[in-house]
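Summary of structural features
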Amino acid sequence: QVQLVESGGGLVQAGGSLRLSCAASGSVFGFNVMAWYRQAPGKQRELVATAFSGGLTTYADSVKGRFTISRDNAKNTVYLQMNSLKPEDTAVYYCRAGSAPFDYWGQGTQVTVSS
């Protein structure tokens, strides 16, 4: 059984920064893909950033240049550094990790950006 636990969410003013963490525990054998998603009220969940085991990272256009995803494979942890936050970044942020066919999700952490 694998569990993903996010932390680091909170309330921040526009222009501020937050760092999210997602730690995996349980029968962890390494993940090919670790990613962050977010879901704002009334909207669909969207992919924010992805970090592949080989080092490749990808970002949604809306966060490019502001967010940075990184992973510590030894700790089975993925991070999301969020800078220059905007009110439209307000959402519940979810961590996802897996190696096909296994796929795991965290419970989410709230990020609220005030204007």
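First, a word on scope: everything that follows refers to the structure included in this document. Counting of residues starts from 1 at the beginning of each chain's written sequence and follows it residue by residue. It should be noted that, the model being predicted, local features are given only for residues of pLDDT at least 70 and side-chain atom pairs only at 80 or more, the latter also being counted only at that level, while totals for whole chains, interfaces and linings use all residues. Only heavy atoms go into the side-chain values, all of them from the structure, while hydrogens and water stay out.

**Re the nonpolar core**
The condition is simple: Within this scheme, the nonpolar core is defined by two criteria: the residues are buried Ala, Val, Leu, Ile, Met, Phe, Trp, Tyr or Cys, and they are joined through side-chain atoms within 4.5 Å. Burial here depends on accessible area, computed with a 1.4 Å probe over protein chains only, as a share of the maximum for the residue type. Under 20% is buried, over 50% is exposed, and the range in between is partly exposed. Think of it this way: any DSSP run of H or I at least four residues long counts as a helix, any run of E at least two long counts as a strand, and we number them from the N terminus. In this description, contact between two residues means that some pair of their heavy atoms is separated by no more than 4.5 Å.
Counting 29 residues, the largest nonpolar core has Leu4, Trp36, Val48, Phe67, Leu80, Met82 and Tyr93 as the members making the most contacts within it. Of all the secondary structure elements, the ones that give two or more residues to this core are strand S1 (2-7), strand S3 (18-26), strand S4 (33-39), strand S5 (46-52), strand S7 (67-72), strand S8 (77-82), strand S9 (91-99) and strand S11 (109-114). Sequence-distant contacts of leucine 4, that is, excluding residues within four places in its chain, are made with Cys22, Ala23, Ala24, Cys95, Arg96, Ala97, Tyr104, Trp105, Gly106 and Gln107.

**Re the packing of aromatic side chains**
What counts, and what does not: Stacked, edge-to-face and tilted are the three classes for Phe, Tyr and Trp ring pairs, Trp counted by its six-membered ring, which pair at centre distances within 6.5 Å; planes under 30 degrees apart are stacked, over 60 edge-to-face, the rest tilted. Working rule: Lys NZ or Arg CZ, within 6 Å of ring centre, within 35 degrees of ring normal, means a charge sits over the ring.
Under the criterion given, the structure shown has 2 aromatic pairs. Both rings, one in phenylalanine 31 and one in tyrosine 104, keep their centres 6.2 Å apart while their planes meet at 65°; by these two values the pair is edge-to-face. Of this pair, phenylalanine 31 sits in the loop between S3 and S4 while tyrosine 104 is found in strand S10 (residues 102-105), placing the two residues 73 residues apart along the sequence. Here tyrosine 37 and tryptophan 105 contribute two aromatic rings whose centre-to-centre distance is 4.8 Å and whose plane-to-plane angle is 55°, an arrangement assigned as tilted. Of the two residues, tyrosine 37 is situated in strand S4 and tryptophan 105 in strand S10; the sequence distance between them amounts to 68 residues. With a relative accessible area of 33%, tryptophan 105 lands in the partly exposed category. Here the guanidinium or amino end of arginine 45 rests over the ring plane of tyrosine 94, the centre of that ring lying 3.7 Å away.

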